[in-house]
Amino acid sequence: MAEVTKEKESKLADPIAASIDPATQEMIQRAHDLGIETVFDRAVNMKPCAIGIQGICCKNCAMGPCRLPLPKGGIIGEDTRKGLCGATANTIAARNFIRMIAGGAAAHSDHGRGVAEVFLSVARKETDTYKIKDTKKLISIAPHLDVATTVEVDGEVKDRNIDEIALEVAEKALAEWGKPEGTLYYTKRAPKPLYEKWKKQGVLPRNIDREICEIMHRTHMGVDQDYKNLIKQGTRAALGDGWGGSMLATDLQDVLFGTPTPLQAEANLGVMKEDHVNIIVHGHEPILSEMIVATSQKPEMIEYAKSKGAKGIQLGGICCTANEIFQRHGVPQAGTFLQQELAIITGACDAMVVDIQCIFQAVANVAKCFHTKLITTHPIAKMEQNNVIHIEFDEHHAKEDAEKIVRIAIDNYQNRGVEVMIPRHKASSIGGFSVESIEYHLGGSFRGTYYTLNDNIINGRIRGVAGVVGCNNARTRHNEAHIAVVKELIKNDVLVLTTGCNGIACAMEGLLTPESAAVYCGPGLAEVCEVVGIPPVLHMGSCVDNSRLLLAATEVVKAGGLGNDICDLPLAGSAPEWMSEKAISIGHYFVASGVYTVFGLHLPTEGAPVFHNYLSNELEKIYGGKWDLEADPIKHAHLMIAHIDKKRKELGIDKARDRVLMDMADRQALGA
Ligand code: SF4
Ligand code: MSK
């Protein structure tokens, strides 16, 4: 007789252990009270695979999966582990790692392709739904795609017709995904020494799609068996993301929807309003969210909402859609990646509208417990559950689609149950620091450079700059590492640039306000923030907008006084709570651009010590940047600070900082 196994009893997550955020804790408790399971509970009940987490499980052919656990006590002598085909742990970990890069680069770049296609439609005047909003940005990016912005007529140089520029930019940009010859245009935007390194190493991306495709080929059973050669292709694909697909996505979005400038908003689940129709927009592409924002602000829609008994329409964003509509419209950020189910559990979410990336399939199950309409909108991202509505969104019918979606939400307002519980917690925030607006705030428009920023780095008030980015991960306490790393950095006078869910976490913690500088910063950074009127943490947008960080670093190099290349700068990168393949692609293009990059949690390379060492030590000799790993947030921040100090020393500016940090008593003693 077959043995009957008793189903294991599910445990519930401890709300306090699961998150540092009080709104999240309240909602986890409410989920328990209502008997609704969330990601926090699933994380308690399902442990990750100990071999997979170290990157040493291969399932690239049907002779596997081949699992190569590290022997107890580590490798002593020769590493003899092999898969059935003979693949070593290094080969397997490198193949898995670059497949993650391929996944991440594909996600960013396919998003970018979608934007480029809409841009081409606009340039061809096939749609009037979207328009070119920022012609100044269009003219600024055109030369980087080899598109002329002037013409010579009868010996006289004149401005070229803007429609012609737009069309040529659109065609050249879209061709970057599949051009048969040459290399990506935007790689030439990098500092020259960096570009030359890439050229010498043979890692200049040929086109965006090809590098991703080649990863899938090389990692197929029995192709590339050399971890160094594999990571070289990973580098080429990651650069095709950072300096290709993502950078094009950011630029073309700015041209279509406007380059962000600082705006004020609020963040956390408390931005939802009980007496309003609440629409949560979740995912990544502003093509959708821009239209939802515009539609929900139309007077006839607000009137329609009032006719149903609501006082108005409240939009809120989750994940990078939150960052996109925050930085361009000041729409509040309802939460990070790990709060998506919780927004529905408030009972006040009348519709959740999703497109692509970072969307839990579980939101459909949670929505079943409430009146919430869950609407998928993208042809490549559907859900199998029968309570999900699919309204395909395309640029030719975008207005009608957006109106249909907003009406569904309004009509649903009256179907709410009695049990609405919106946490009261929210914080004020300022975001929208594009490369251009930082230049304006820190450099002054007349100078048009990052001069003031460099000056303050050289004189030591600002110790250095850190890019802190990335996701939440249910394997660690929600937002704890994000906030601890950022606070430790600003306490030590490191200016933080943030994107993605780290940006939302910082907003929820009140770190995106100029006032937070006096509370959390060291004296040098606090002084700069006070004088210039900026927050110590500058919100630079969504995941694709990590490309803004690359260009900001390039501007710092150009402004002078801090070396000739990104790897010379007192700069470090971090993803304290990463989870997505996109984070690996971002991490790797930062490393290959010369940035010392520290990840939290773990890296899926630890089971292959030789390959892991190659990423953490050897890559630096080639590109100037390297990977590091530290789960403890304070140690994590101090690794970054140590790197920044090392770079200050190499630049000969370490003494300046000692002078700035002398307190008044020291100065008086010196003067005596
Ligand atoms: Fe195993 Fe090699 Fe097949 Fe991977 S490719 S599953 S290591 S036999
Ligand atoms: S949304 S990729 S959880 S940052 Fe871009 Fe957040 Fe990470 Fe998704």
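Along each chain, the written sequence defines residue order, and numbers are assigned to residues from 1. The naming scheme follows written order: chains are lettered A onward, ligands numbered 1 onward. For a predicted model such as this one, the threshold for reporting local features is a pLDDT of at least 70, and the threshold for listing and counting side-chain atom pairs is 80 or more; totals across whole chains, interfaces and linings nevertheless cover every residue. With hydrogens and water stripped out, all remaining heavy atoms of the structure feed into the side-chain values.

Student: I keep staring at the overall build of the protein and nothing clicks. Help me out?
Tutor: We count a stretch as a helix when DSSP gives it H or I for four or more residues in a row; a strand needs E for two or more, and each element gets its number in order from the N terminus. Within the protein one finds 27 helices and 18 strands. Radius of gyration here uses only the C-alpha atoms, and the compact-globule reference equals 2.2 Å multiplied by the residue count raised to the power 0.38. Against the globule reference of 26 Å for 672 residues, the protein gives a C-alpha radius of gyration of 25 Å, in line with a compact fold. In terms of overall dimensions, the protein has a C-alpha envelope of 80 × 65 × 65 Å along the principal axes. Of all 672 residues assigned to the protein, the portion counted as buried reaches 59%. Residue contacts are counted whenever heavy atoms from the two residues lie within 4.5 Å of one another. Long-range pairs, those at least 24 residues apart, make up 75% of the contacts in the protein between residues at least 6 apart in sequence. Every accessible area reported is derived by Shrake-Rupley at a probe size of 1.4 Å, with residue values counting cover from the shown protein chains alone. Approximately 26400 Å² of the protein is accessible, and the part contributed by carbon and sulfur atoms is 52%. A positive count includes Lys and Arg, and a negative count includes Asp and Glu. His and the chain ends are not counted in either. Working definition for charges: the position is that of NZ of Lys, CZ of Arg, CG of Asp or CD of Glu. Placing the 72 positive and 84 negative side-chain charges of the protein at their respective mean positions leaves the two points 4 Å apart. When accessible area is computed with a 1.4 Å probe and restricted to protein chains, residues below 20% of their type maximum are described as buried, those above 50% as exposed, and intermediate ones as partly exposed.

Student: Is there a simple way to explain the sheet that holds strand S14 (residues 494-498) in this structure?
Tutor: Each strand in a sheet pairs with another by means of backbone hydrogen bonds, the pair being arranged parallel or else antiparallel. Two strands make a pair as long as DSSP finds a minimum of two bridges between them. Ordered by their spatial adjacency, six strands build an open sheet running S15-S14-S13-S16-S17-S18, and the pairing between neighbours is parallel. Lying at the two open borders of the sheet, with one neighbouring strand each, are strand S15 (537-539) and strand S18 (627-629). Sheet twist, expressed as the average angle between the axes of neighbouring strands with direction ignored, equals 25°. Where S14 lies against S15, three bridges are found, and the strand directions are parallel. Across the sheet, the residue bridging to Leu 497 is Leu 538, located in S15. Throughout, an axis means a line fitted to C-alpha atoms (over the contacting stretch in the case of helices), and angles, computed between N-to-C directions, take values from 0 to 180 degrees.

Student: Is there a simple way to think about the site of ligand 1 in this case?
Tutor: Taken together, 13 residues lie near ligand 1, and Cys 58, Cys 61, Cys 66, Cys 85 and Met 221 sit nearest. Under the scheme applied here, ten amino acids are nonpolar (Ala, Val, Leu, Ile, Met, Phe, Trp, Tyr, Cys and Pro), four are charged (Asp, Glu, Lys and Arg), and all others, including Gly, are polar. Taken together, the residues that form the shell around ligand 1 break down as nine nonpolar, three polar and one charged. Think of it this way: one heavy atom of a residue within 4 Å of a molecule or strand is enough to make that residue near it.

Student: Just to check I follow, could you spell out the packing of aromatic side chains for this structure?
Tutor: Here a ring pair, both rings aromatic, is described through the centre-centre distance and the interplanar angle of the planes. Ring pairs are drawn from Phe, Tyr and Trp, using the six-membered ring of Trp, whenever the two centres fall within 6.5 Å, and their geometry is named by plane angle: stacked under 30 degrees, edge-to-face over 60, tilted for the rest. The final tally for this structure, using the stated rule, is ten aromatic pairs. Taking the centre distance of 6.0 Å and the plane angle of 65° together, the rings of Tyr 130 and Phe 257 count as edge-to-face. Taken together, the positions of Tyr 130 in the loop between helix H4 (89-123) and helix H5 (135-141) and Phe 257 in helix H9 (residues 227-257) put the pair 127 residues apart, joining distant regions of the chain. Each ring, one from Tyr 227 and one from Tyr 614, has its centre 5.6 Å from the other, and the planes form 80°; the classification is edge-to-face. You can see Tyr 227 sitting in helix H9 and its partner Tyr 614 sitting in helix H24 (residues 609-623), a full 387 residues away along the chain. Neither residue differs from the other here; Tyr 227 and Tyr 614 are each classed as buried. Taken together, the ring pairs in this structure connect Phe 97, Tyr 227, Trp 578, Phe 599, Phe 611, Tyr 614 and Trp 627 into an aromatic cluster. Two limits define a charge over a ring: the Lys NZ or Arg CZ must be within 6 Å of the ring centre, and within 35 degrees of the ring normal. When the ring centre of Tyr 185 is taken as reference, the NZ or CZ atom of Lys 179 above it lies at 4.2 Å. Positioned above the aromatic ring of Tyr 186, the side-chain terminus of Arg 189 is 4.5 Å from the ring centre.

Student: What am I meant to see in the site of ligand 2 here?
Tutor: Around ligand 2, the surrounding shell holds 13 residues, and the nearest of these are His 284, Cys 320, Cys 358, Cys 501 and Cys 543. Elements with a contribution of two residues or more to the shell around ligand 2: helix H12 (319-329) and helix H19 (500-508). Here the shell around ligand 2 gathers at least three residues from each of two domains, domain 2 (269-415) and domain 3 (431-651). Where each domain begins and ends follows an automated or database-derived domain assignment.

Student: What is the right way to look at the nonpolar core in this model?
Tutor: Across soluble globular proteins, you tend to see nonpolar side chains buried next to one another. Ranked by size, the top nonpolar core spans 206 residues in total, and within it Val 169, Trp 243, Ile 279 and Leu 489 carry the most contacts. Broken down by element, this core gets its largest block of residues, 17 residues, from H4. We define a nonpolar core as any set of buried Ala, Val, Leu, Ile, Met, Phe, Trp, Tyr and Cys residues linked to one another through side-chain atoms lying within 4.5 Å.

Student: So what exactly am I meant to see when it comes to the pairing of strand S9 (residues 351-354) here?
Tutor: Put simply, side chains in a regular strand alternate between the two faces of the sheet. Side-chain alternation along S9 places Ala 351 and Val 353 on one buried face and Met 352 and Val 354 on a second face that is also buried. Alignment of strand S6 (residues 277-282) against S9, held across four bridges, turns out to be parallel. Within S9, the residue paired with Ile 280 across the bridge is Met 352. Bridge analysis of S9 against strand S10 (residues 373-376) gives four bridges, and the strand direction is parallel. Pairing of Ala 351 across the sheet is with Lys 373, part of S10. One crossover worth recording links S9 to the parallel S10 by way of helix H14 (residues 362-368), and it is right-handed. For crossovers, right-handed means that the path from the first strand over the helix to the second runs clockwise, given strands pointing away from the viewer.

Student: I tried to follow a nonpolar patch on the surface on my own but got confused; where do I start?
Tutor: Side chains of Met 63, Leu 84 and Met 221 sit close together on the surface and give an oily, nonpolar patch of about 290 Å² of accessible area. By the element assignment, Met 221 lies in the loop between helix H8 (208-218) and H9. Looking at Met 221, the relative accessible area reads 30%, which means it is partly exposed. A patch is a set of surface residues, each over 30% in relative accessible area and not in a salt bridge, joined within 9 Å for like charges and within 5 Å for the nonpolar side chains Val, Leu, Ile, Met, Phe, Trp and Tyr. Throughout this description, the term salt bridge denotes a Lys or Arg side-chain nitrogen within 4 Å of a carboxyl oxygen of Asp or Glu.

Student: Explain the pairing of strand S16 (residues 571-575) to me, please; I cannot follow it from the model alone.
Tutor: Where burial is concerned, most of S16 is hidden: five out of the five residues are buried. Side-chain alternation along S16 places Leu 571, Gly 573 and Ala 575 on one buried face and Ala 572 and Ser 574 on a second face that is also buried. Here four bridges tie strand S13 (residues 464-468) to S16, and the two strands are oriented parallel to one another. Within S16, the position partnered with Ala 466 by the bridge is Ala 572. Here S16 pairs with strand S17 (residues 596-599) via four bridges, running parallel. The residue of S17 that forms the bridge with Ala 575 is Phe 599.

Student: Is there a simple way to think about helix H21 (residues 523-532) in this case?
Tutor: Since the α-helix packs 3.6 residues into each turn, any two residues three or four apart lie on the same face. Every buried residue of H21 is accounted for by Gly 524, Leu 525, Ala 526, Val 528 and Cys 529. In this structure, the buried side of H21 is in contact with helix H17 (451-458), helix H18 (480-491), S14 and helix H20 (516-520).

Student: How do you make sense of the side chain of Asp 565 when you look at a structure like this?
Tutor: If you trace the backbone, Asp 565 turns up in the loop between helix H22 (546-559) and S16. For Asp 565, a relative accessible area of 3% gives the class buried. Engagement of the side chain of Asp 565 in a polar contact is seen with the side chain of Lys 197, the distance being 2.7 Å. Leaving out residues up to four positions away in the same chain, Asp 565 has contacts with Pro 191, Pro 193, Leu 194, Lys 197 and Val 557. Polar contacts, as used here, are pairs of N or O atoms within 3.5 Å; protein pairs need one atom able to donate a hydrogen and one able to accept it. Residues neighboring in sequence count only if both atoms are side-chain atoms.

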